[in-house]
Number of protein chains: 2
Amino acid sequence: MTRWPLPQPMALALEQARLAATEGEVPIGAVVVKGGVVIATGRNAPRARHDPTSHAEIEAIRAAAQVLANERLDGCELWVTLEPCAMCAGAIVHARIAKVYYGASDPKGGAVEHGARVFEQPQCLHRPEVYAGIGESQAADLLRGFFRERR
Amino acid sequence: MTRWPLPQPMALALEQARLAATEGEVPIGAVVVKGGVVIATGRNAPRARHDPTSHAEIEAIRAAAQVLANERLDGCELWVTLEPCAMCAGAIVHARIAKVYYGASDPKGGAVEHGARVFEQPQCLHRPEVYAGIGESQAADLLRGFFRERR
């Protein structure tokens, strides 16, 4: 059996997640793509950076905005291994990310298809296209493995 | 008539908002207080910093976490001139801020008493005490004046 290969941006996001785990951080990774090119990567690092906002998506979005020298990431895609939380979904709106691709769903902390459902609020001033489930099992396995080792 | 004086942290947050306006940024300011002492300030700066996450609350929370060398701001208060958006409300949860005091309500972008109502979600894993309306008119006047000048 040949497994259908993951799109390259999700493979890179998973690599970022694995890196986070080696650093003792919850393994979540993200990349920002513009015009088919990866312009920024990010991984979860709140402990090491002493920064509660240091989620993979925030790190990738901030890095991409520096690369483009613009607070708006028009026409960009965000690829992230886990369903974004309310903070990250809000940042995606502010950054005007065009498309969001995520791996595993997160019933506990997610705010796209769960909880605050940030993009579905009537007041939401920018709605990205959202594609879920790409690399889902790999992303979830990384998280499960990380928490199992720490229990 | 003597107007009841504003609590000092809100006066400082309003000063941060005024500073933002002089920098061409939407005038919103914030401070973090711990044990009665202001440990960090922040103001809206997404344009100058090329950073869509650069809201007053995020700036103040990140600065406070650096001061405490800890991603958790246990026992801290956040004072901010405007109702936090979904991104900032999410950051408040992640930072474990104990109390949030805000000035003006924001029906368009707020996510505390409007829209995503982040703290009211059943899945929300930390709920700060919230006090609204402190310095409300001053905060709203600053915003109105800023947008009037730009129209």
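Throughout, a residue's number is its position along its own chain's written sequence, starting from 1. In the order they appear in the text, chains get letters beginning with A and ligands get numbers beginning with 1. The model is predicted, so local features are restricted to residues of pLDDT at least 70 and side-chain atom pairs to those at 80 or more, both for listing and for counting; the totals for chains, interfaces and linings are taken over all residues. Neither water nor hydrogens contribute to the side-chain values; these are computed over all heavy atoms in the structure.

Residue and element names in this part refer to chain B. Taken together, five strands build an open sheet; the order of strands is E2-E1-E3-E4-E5 and the sheet is mixed. Two strands lie at the open edges of the sheet, namely strand E2 (37–43) and strand E5 (129–132), each paired on one side alone. With strand direction ignored, the average angle separating the axes of adjacent strands in the sheet is 15 degrees. Being paired, for any two strands, means DSSP has found at least two bridges between them. In DSSP terms, a helix is any run of H or I states spanning at least four residues, a strand is any run of E spanning at least two, and both are numbered starting from the N terminus. Sheet topology places strand E1 (residues 29–34) next to strand E3 (residues 76–82); five bridges connect them, and they run antiparallel. Residue pairing for E3: Ala 30 is matched across the bridge by Val 80. Inter-axis angles, ranging from 0 to 180 degrees, are taken between N-to-C directions of lines fitted to C-alpha atoms, where helices are fitted over the stretch in contact.

Turning our attention to the pairing of strand E4 (residues 99–104) of chain B. All names here are of chain B. The cut-offs for exposure are 20% and 50% of the maximum accessible area for each residue type, with area from a 1.4 Å probe on protein chains only; residues under the lower value are buried, those over the upper are exposed, and the others partly exposed. Extensive coverage of E4 is indicated by the burial of five of its six residues. A crossover gets the label right-handed when its path from the first strand over the helix to the second runs clockwise, viewed with the strands pointing away from the viewer. Viewed along the sheet, the connection from E3 through helix H4 (residues 86–95) into E4 turns out right-handed. Where E4 and E5 come together, four bridges link them in parallel fashion. The partner of Tyr 101 across the bridge, within E5, is Tyr 131.

Attention now moves to the packing of helix H4 (residues 86–95) of chain A against H4(B). Running from N to C, H4(A) and H4(B) cross one another at 150 degrees; their axes reach a closest spacing of 7 Å. Comparing their axes, H4(B) and H4(A) come out roughly antiparallel. The two elements H4(A) and H4(B) meet at a crossing, and its hand is left-handed. For the pair H4(A) and H4(B), contact is made by Ala86(A), Met87(A), Gly90(A), Ala91(A) and His94(A) and by Ala86(B), Met87(B), Gly90(B), Ala91(B) and His94(B), respectively. These descriptions rest on fixed angle ranges, namely under 35 degrees for roughly parallel, over 145 for roughly antiparallel, 65 to 115 for roughly perpendicular, and the rest for oblique. What makes a crossing left-handed is the near helix being turned counterclockwise from the far one by less than a right angle; a clockwise turn instead makes it right-handed. Contacts between residues were defined by any pair of non-hydrogen atoms, one from each residue, lying within 4.5 Å.

Residues and elements named next belong to chain A. UniProt positions are given in the numbering used here, feature names are shortened, and annotations may be inferred rather than shown by experiment. UniProt's entry tags Glu 57 with the feature "active site" (unreviewed entry), counted in the numbering of this structure. Accessibility expressed as a relative area gives 4% for Glu 57, which makes it buried. If we skip the residues at most four places from it in the chain, Glu 57 touches Ala 30, Leu 78, Val 80, Leu 82, Pro 84, Cys 85 and Cys 88.

Okay, the UniProt feature "domain: CMP/dCMP-type deaminase" (unreviewed entry) in chain A next. Within this numbering scheme, the UniProt entry marks residues 4–113 of chain A as carrying the feature "domain: CMP/dCMP-type deaminase" (unreviewed entry). Taken end to end, residues 4–113 of chain A is 38% helix and 24% strand, and its first and last C-alpha atoms sit 25 Å apart.

What follows is about the interface of chain B and chain A. Opposite the 33 residues of chain B that make contact, chain A presents 33 residues. Between chain B and chain A, roughly 2,500 Å² of surface is buried when both sides are summed, and carbon and sulfur atoms account for 56% of that area. A salt bridge links Asp51(A) to Arg62(B); the shortest N-O distance between them is 2.8 Å. Any pair of nitrogen or oxygen atoms within 3.5 Å is treated as a polar contact; in protein, a donor-acceptor pairing is required on top of that, and neighbouring residues in sequence qualify only through side-chain atoms on both sides. Counting across the interface, chain B meets chain A through 16 residue pairs in polar contact (both at pLDDT 80 or more). Secondary structure elements with two or more residues in the side of chain B that touches chain A: helix H2 (46–49), helix H3 (56–68) and H4 of chain B. Put simply, buried area is how much 1.4 Å-probe accessible surface two parts lose in total, over both of them, once they are put together. Salt bridge, as used here: a side-chain nitrogen of Lys or Arg that lies within 4 Å of a carboxyl oxygen of Asp or Glu.

Residue and element names in this part refer to chain A. Multiplying one less than the number of residues by 1.5 Å gives the expected span of a helix. For helix H1 (residues 8–22), which comprises 15 residues, the first-to-last C-alpha distance of 21 Å matches the rise-based estimate of 21 Å (1.5 Å per residue) to within 8%. By the burial criterion, the buried members of H1 are Pro 9, Met 10, Ala 13, Leu 14, Gln 16, Ala 17 and Ala 20. The buried residues of H1 occupy an angular sector of 155 degrees when projected down its axis, which confines them to one face. Exposed and facing more than 90 degrees away from the buried side of H1 are Gln 8 and Thr 22. Within this analysis, the arc is defined by the directions that extend from the helix axis to the C-beta atoms.

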